[in-house]
Structures are given as structure tokens and as C-alpha cells.
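# Descriptive structure summary
Residue strings, one per chain:
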Number of protein chains: 2
Amino acid sequence: MSLSSTPELAIAVCQSGGLGSLGCGETELGKVRAEALQVRAGTNRPFNLNFFVHPAPRADPAVFSASRERLAPWYDKFGLGNPADAKTDGRAGFDAAKLALLLDLRPPVVSFHFGVPDDQAIASLKAAGVKLISSASTVAEAVELERRGMDAIIAQGWEAGGHRGSHRPTAPWEGVGTMALVPQVANAVKVPVIAAGGVGDGRGIAAAFALGASGVQMGTAFLSCPEAATDTVRRKLLRMARDTDTIVTDSISGRSARCRRSRHAEAMETTRKPLPDFPMMYDLTYPIISAGFDEEASFHIYGQIAALNRELPATELMGRLVEEAVAVFATLSRGRPDPMPPPA
Amino acid sequence: MSLSSTPELAIAVCQSGGLGSLGCGETELGKVRAEALQVRAGTNRPFNLNFFVHPAPRADPAVFSASRERLAPWYDKFGLGNPADAKTDGRAGFDAAKLALLLDLRPPVVSFHFGVPDDQAIASLKAAGVKLISSASTVAEAVELERRGMDAIIAQGWEAGGHRGSHRPTAPWEGVGTMALVPQVANAVKVPVIAAGGVGDGRGIAAAFALGASGVQMGTAFLSCPEAATDTVRRKLLRMARDTDTIVTDSISGRSARCRRSRHAEAMETTRKPLPDFPMMYDLTYPIISAGFDEEASFHIYGQIAALNRELPATELMGRLVEEAVAVFATLSRGRPDPMPPPA
């Protein structure tokens, strides 16, 4: 939900019984502070701040230059001039300044994406009373997160919109579906598992609990809420969304992410070549994305359940989700209809 | 379950309350007849015969020749001589001979993969009292299957082992996860939906029902049963299986299928080039697969839940699956633990 969350959305979710979150992965620190204080002022319920954790990108001039050349036709098409030069300084995902801010703010919960920070950072956050969560896209990652002291683990399946939380960059064709991932993660760790990816309504919530999750993380479903920072173009696309709209590509940022299929993304997948490290690839794609909010050039981020989205205020959506999940639980408890025909 | 099913497995599943199936997609007709008669003699419960439905492959000498050249190093490595020439005759998936056999056998259920045969074939099978099922990997395919008269629709998610049932050849990075696919298909059609892909134990069965399915299709889970025609190498690999073992590739057969990751498969994905139509690509890969049952060369077929497999006789496995699903239903009906904290 980086660039899509707002304090208003987080507050509404918290007030409705959920753990409202701010996606801070691409947010400037002053804004993180201001938004976190706004959420704290708006609710006395726990809330979560989410950060990207990734090493500083390596500079590989040949790879960067080759990617510049590949994108040049898009720059020409939109009259954007020359693609930017490589910038690697100060690009690590979770640094001392972010840690200091969190130790000052002491939010109830912090979640990480792409892995976790170093042991010292983890220890200092835990000592400050902050509950910690991180995402696993595989069983091995979940086991590692438990070992590193996470209080809960998000099992992020293939269906999820946005960046895959894999702890190392992965190829776009790598991914374990939520249905397969959640029970295997639940078997492998003792801490609570939060299912993410493909949860669009109460049916998905009930299914996640059936698979062994103790909670769900939903992003795409909230993109259509009026409180979300979803731009007009993406709201329109979400209204027309279908199950097959999206693909996983690393050509937005340098790491695999699920977004709306575009000619740009498909061309990059059909001919795969090494790309600059995350987040340097962004430097090359941002101008194209900004110039071409269209089906050819764009990378609108959402997941595979977007077609189930409802344009409701977040509080109302939360109420519906709970009602739906409880209704599915009740239906299943009646044996619905008969889980298997009786043996012969 | 083509090449993995046996009459013994189908009979055991039928006798335990499931719909036992024979995968006939790559089976010679005389053997289909013999095995179907064996199942009929072994159970008075309904059973299913599954067929591949695909057009005859096009001959594209340039593509075939390029693929031969790509595979030449593997042929050299295993001392296999020269790769075969292209054969296109008699390679359509569902022909008059197969239809005639089915109209003679009149099995209770027939299921199709990759689409459905022509309207006349469908009408004659239905007139003969055969119930028809086919697989959809997208909502659009499900809607088309309902329009074509299918009595039930398999919603096959990304997690499933073996060939993706897509009605047209798809790129390996295309796929909707079971968690996202099942509720969207259930919304779109009136006929019963059978969830496939990622269902490994009773938790998966319960989740499938929560998502709106009326049944599940399980393949991988039964590969470890003694009754399955699973070779010794694959049984050993299944014992060591992990969630991330498999990838989707079209380099086995010319159509996307999920199988165990191998250097061969990864090399073909890293550099993607046009491949001969299904099933002609098989002609080039079969000798390599047969010669090299190892991690480099092989394409052992199974899905993402293989790590949940249990080496149990099919009857015992069926009993456990039902018990587990019923236990999950009961747990959920108790509100487990509280699906959401109460609103503030």
C-alpha cells in the first residue's frame, strides 16, 4: 500500500477493528512522522507502519546503460529526453534515520517487506515495545523470520498486488499461491500467520482461517475506498478489473511486483535482460509511468482479486467483510452441503 | 494425472466416496478401454475419464529446427543421437475414435483439459447420459464452459501440478491463484465449481468450500499413494519436496505445465524462444526426460502442495482428508478464535 495508504484509511480500519497501516516504503521521513502522528491522534487502537528493507543497490554501469537503451523508445514516445543516470547513494531501504524515527514514535506495530533489518535494530524496536511483523513468500523465509524474532508472519501468496516480499530478488515466474503457502507456513512456524494475496471478501477471509491463518492482510480490496490515495485512472481501471488483468514483472523497480498488464511490462518479460537493482530501476520507469497513464506504458498496481472490489467507505467495507466471513463460518458449520459423499 | 493414475487408485477413491479418475490424455485407446472396464468392475460408484482437447499441431519447420538445436547439448550429454523430426499427423487431442470409444463405454463422467470438443461431440455424450466437466484457468474460460454445456467446472489455480488447463497456450508467467480464482468463478457461473490447485489436506478442502466451491480436485496429494503409477525417482523427490520446488514452463510439451524446477527448465525460461505446438515439443523432450531422471534434465510433474503429501493407501488418505475437513468446519463454526477483534 506504499503510495496508496492514507492516515484517513488507516484510522477508519483501526476504528472498525482492523490493524490500519501506513505504507512507508517510499515515503519521505517527515511525512511518515506527520502521518503516524495523525493516525495516533485519530484512533486509540493499534496501528502499523510498513517499511521496505533492502540493501543499497549495486552500481553496474553496463546493466544500467543497457536498460536505459531498452527504455529509450518510451522516452522518445512521450518526449521525455534522456533517461536518468544511476544513483546509488542513500538508497538502502531501512537506515539509521528510519530506525531513530521509529524509536521516537514507538508505533504499536511495525511491519517489514523484503526481509528484516539487522539484529540490533530488531532488538531496539522490541525493547521499545514495538510488535514486529514481516512478509514471507516461502516456507524458508517464514522460518527465517521466526528465528529473527518476528511476532507474526505474513504469508504472501502469488495473488497479491504490489511487490512480492521475497527476501531476495526473484524471477517473475517464481511464486507460491496463497492456498498452497499458508498451510505450509502454518506447519513450519509457531507465531501467528497472516494470509495475504487473493483475499477479496469474506469468503477469502474464511478460507484463510481454514488454511491455518490467524488473520489476513488485504490491500487491493481497500484501493477502491474513498479514503485511499488511489488516483482517478487506477480507480477507473479497478472498476473494469478482471481476474487476468495483472502480471508479475521486475521491470518497474528491479524486483518482482504484481501490476496491471501493459505492453511495456509484456515486452520486458518476453525478452528478459538483467535490470538495475531495486530501487534504481524506478529512476528509469517513473518518468514513463508519469507520462503515460495508459494501457501501453503504465504499471498500475493491484492484485488478482480487484474484480471483487467494492467502492465503499472503509468502515462500511470492514463491516461487510466481517459479516461475510462470519456467514461463511456459519454455513460451513452446517456441513455445507456435505463435504464429501458418504463412502459406498 | 495423465501417466500417474491407475485403475487401482481410481477404484480406491471411488470406494472412499470420491470421484476416482483415469487420466487418459496420453493413453493409447486400447488401454483406456481396458482400464475403464477394470474400474467399472471394481466399483459401482461413478468414475471419471479425463481427456486432453487440443487442435492438431501446426508444422513450423523453422521453430522446430531452432528447438532441436537448443536441445542438442542435452542429446549430446546423454548420448541420444539426433533429436526427432516433426510429426503432426494424428496428433489432435480429442478425435472421432476417442468419441466413439466413449459413446461405447458410457462412463458416468468425462472431463476435458485445454477446452472442450465440438458441440456435436458434447451433444452426443450428453445424450448418452455422460456428465461433462472441463477446466477453467480464468473467469472467461469458466463462462465459456458453462455456455458450452458443462455440468460442472474445475477452477484450476496457479498452484496445480501438471498442465495448466488454459484454453489457449499461455506464457508461464500467466496464472490466477486458487484463492483469487475460485470466488470469481463461483460468482460468474451457476453450475457447481470444483477447486483445483493448492489443495493438499483437509484445510485446503475446507478453504475451497469457504471460497464457494462445491468440491475439490486433488492430484499431487495422491501421487504418493502406493496405488499411483508414480515412478521411484519421483516418489523420492516427493518425500523431499518443498513449497518452492516447482515452476511453470512450456518447455516440456509446448504448453505451460507445473513441474519440478530443473536446470533444463530454468534455462528454457531464462531465454524464451518460440517452441513447437503441443504435443510436438514432447517429441524432443521425452528422450531427455527418459535418459536423465536427474535434477538437471528432468521435468517431474507435481504441484505446490507436494510437501504436504502423505504416503498412505488411497482409502486411508481419503478418510483422513474427510476427517480433517470436517474438523476445520467445526473449528470455524466455533468462531475460531474471533475472526476479527470487535470494533472499538
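Please read all numbers here as calculations on a predicted model, not as lab measurements.

About the criteria used
- Residues numbered from 1 in each chain as written.
- Chains lettered and ligands numbered in written order.
- Predicted model: local features only at pLDDT ≥ 70, side-chain atom pairs only at ≥ 80, totals over all residues.
- Helix = DSSP H or I, 4+ residues; strand = E, 2+ residues; numbered from the N terminus.
- Rg over C-alpha atoms; globule rule 2.2 N^0.38 Å.
- Buried ≥ 20, exposed ≤ 12 C-beta atoms within 10 Å, placed from the backbone.
- Pairing = 2+ DSSP bridges.
- Contact = placed C-beta atoms within 7 Å.
- Axes fitted to C-alpha atoms, helices over the stretch in contact; angles between N-to-C directions.
- Least-squares fit on C-alpha atoms with pLDDT ≥ 70 in both.
- Nonpolar A, V, L, I, M, F, W, Y, C, P; charged D, E, K, R; others polar.
- Core = buried A, V, L, I, M, F, W, Y, C linked by C-beta atoms within 7 Å.
- Right-handed = clockwise from strand over helix to strand, strands pointing away.
- Left-handed = near helix turned anticlockwise from the far one by under 90°.
- Arc of directions from axis to C-beta.
- pLDDT = per-residue confidence, 0-100.

In terms of regular secondary structure, chain A is built from twelve helices and ten strands. For chain A, the C-alpha radius of gyration of 20 Å lies close to 20 Å, the compact-globule estimate for 344 residues. The C-alpha extent of chain A, read off along each of the three principal axes, is 65 × 50 × 40 Å. Sorting the 344 residues of chain A into buried and exposed places 56% on the buried side.

What follows deals with the sheet that holds strand E6 (residues 162-163) of chain A. All names here are of chain A. Strand order in the open sheet formed by three strands is E6-E10-E9, and the pairing between neighbours is antiparallel. Strands at the two margins of the open sheet, each flanked by one partner only, are E6 and strand E9 (246-249). Across four bridges, the pairing between E9 and strand E10 (residues 257-260) is antiparallel. Across the sheet, residue isoleucine 247 finds its bridge partner in E10, namely cysteine 259. On top of the sheet, helix H10 (residues 263-270) reaches E9 and E10; it is set at about 45° to E9, its chief contact.

Omega for the peptide link from phenylalanine 278 of chain A to proline 279 of chain A comes to 0°, which places this bond in the cis form. Checked against the element boundaries, proline 279 of chain A lands in the loop between H10 and helix H11 (280-291). We note that arginine 106 of chain A has phi near 45°; this positive angle belongs to a residue other than glycine. The topology assignment puts arginine 106 of chain A in the loop between helix H4 (96-105) and strand E3 (109-113). Within the chain, phenylalanine 114 of chain B stands out as a residue other than glycine whose phi angle is a positive 80°. Along the chain, phenylalanine 114 of chain B falls in the loop between strand E3 (109-113) and helix H5 (119-127).

Where E6 of chain A and E10 of chain A come together, two bridges link them in antiparallel fashion. Opposite glycine 162 of chain A, over in E10 of chain A, you have arginine 258 of chain A as the bridge partner.

This next bit is on the relation of the copies chain B and chain A. Mapping chain B onto chain A leaves a residual RMSD of 0.0 Å; the transformation is a rotation of 180° accompanied by 0.0 Å of translation along its axis. Here the copies are linked by what is in effect a two-fold axis. The C-alpha atom lying nearest the rotation axis in chain B is that of alanine 207 of chain B; the distance is 2.0 Å. Looking at the interface residues of chain B, 100% of them are also at the interface in chain A, so both copies use one shared face.

With 63 residues of chain B at the contact, the number on the chain A side is 63 residues. For the side of chain B that touches chain A, the secondary structure elements donating two or more residues are helix H7 (178-188), helix H8 (202-211), strand E9 (246-249), helix H10 (263-270) and helix H12 (314-333) of chain B. A class-by-class count of the residues in the side of chain B that touches chain A yields 34 nonpolar, 19 polar and ten charged.

Moving on, we get to the sheet that holds E9 of chain B. Read across the open sheet, the three strands follow the order E6-E10-E9 (chain B); overall the sheet is antiparallel. Either end of the sheet is taken by a strand with one partner, and the two such strands are strand E6 (162-163) and E9 of chain B.

Turning our eyes to something else, we now look at the nonpolar core. Ranked by size, the top nonpolar core spans 203 residues in total, and within it Ile153 and Ala155 of chain A together with Ile153 and Ala155 of chain B carry the most contacts. With residues near it in sequence (within four places) discarded, isoleucine 153 of chain B still touches Ser134, Ala136, Ala142, Leu145, Glu146, Val185, Val189, Val191, Val193 and Ile194 of chain B.

Our focus in this paragraph is the pairing of strand E5 (residues 152-156) of chain A. All names here are of chain A. Among the five residues of E5, five are classified as buried, and the element is accordingly described as predominantly covered. Judged by which residues are buried, E5 turns out to be covered on both faces: Ala152, Ile154 and Gln156 on one side and Ile153 and Ala155 on the other are all buried. Bridge count for strand E4 (residues 131-136) against E5 is four bridges, and the pairing is parallel. Counterpart to isoleucine 133 in the pairing with E5 is alanine 152. For the segment spanning E4, helix H6 (residues 139-147) and E5, crossover handedness is right-handed. Across four bridges, E5 lies against strand E7 (residues 193-196) in parallel orientation. Pairing of isoleucine 153 across the sheet is with valine 193, part of E7.

It is worth spelling out the packing of helix H6 (residues 139-147) of chain B against H7 of chain B at this point. All names here are of chain B. Interaxial distance between H6 and H7 falls to 9 Å at its minimum, and their mutual angle equals 35°. Of the two elements, H6 crosses H7, and the hand of that crossing is right-handed. Note on element contacts: H7 touches H6 through Gln184, Val185 and Ala188, opposite Val139, Ala142 and Val143. Class assignment of the residues belonging to the contact of H6 with H7 gives a composition of five nonpolar, one polar and no charged.

Now for the environment of valine 32 of chain B. Residue and element names in this part refer to chain B. Within the secondary structure layout, valine 32 lies in helix H2 (residues 29-42). Separated by 14 residues in sequence, valine 32 and glycine 18 place their C-alpha atoms 20 Å apart. Sequence-distant contacts of valine 32, defined by excluding residues within four places in its chain, comprise Cys24, Thr27, Leu49 and Leu101.

Residue and element names in this part refer to chain B. Within the span of H6, buried status applies to Val139, Glu141, Ala142 and Leu145. Here the buried residues of H6 occupy an arc of 160° about the axis, which is enough to place them on one side. Each element contacted by the buried residues of H6 is listed here: strand E4 (131-136), strand E5 (152-156) and H7. Glycine 149 sits one or two residues past H6 and shows a positive phi near 95°.

Per-residue pLDDT for chain A averages 93, and the proportion of residues at 70 or more is 97%. Across residues 337-344 of chain A, where pLDDT falls below 50, the model places 17 contacts with residues more than four positions away in sequence or in other chains.

Turning to the environment of alanine 306 of chain A, a few remarks are in order. All names here are of chain A. Topologically, alanine 306 is positioned in the loop between H11 and helix H12 (314-333). Assessed through the 27 C-beta atoms surrounding it within 10 Å, alanine 306 is described here as buried. For alanine 306 and alanine 241, which are 65 residues apart along the polypeptide, the C-alpha to C-alpha distance reads 5.9 Å. Contact partners of alanine 306, with chain neighbours within four places excluded, come to Thr220, Leu238, Ala241 and Asp245.

A separate point is the environment of lysine 236 of chain A. Residues and elements named next belong to chain A. Positionally, lysine 236 belongs in helix H9 (residues 232-239). Taking the number of C-beta atoms within 10 Å as the measure of exposure, lysine 236 has 11 and is therefore exposed. Distance from lysine 236 to serine 224, taken between C-alpha atoms, is 9.4 Å for residues twelve residues apart in sequence.

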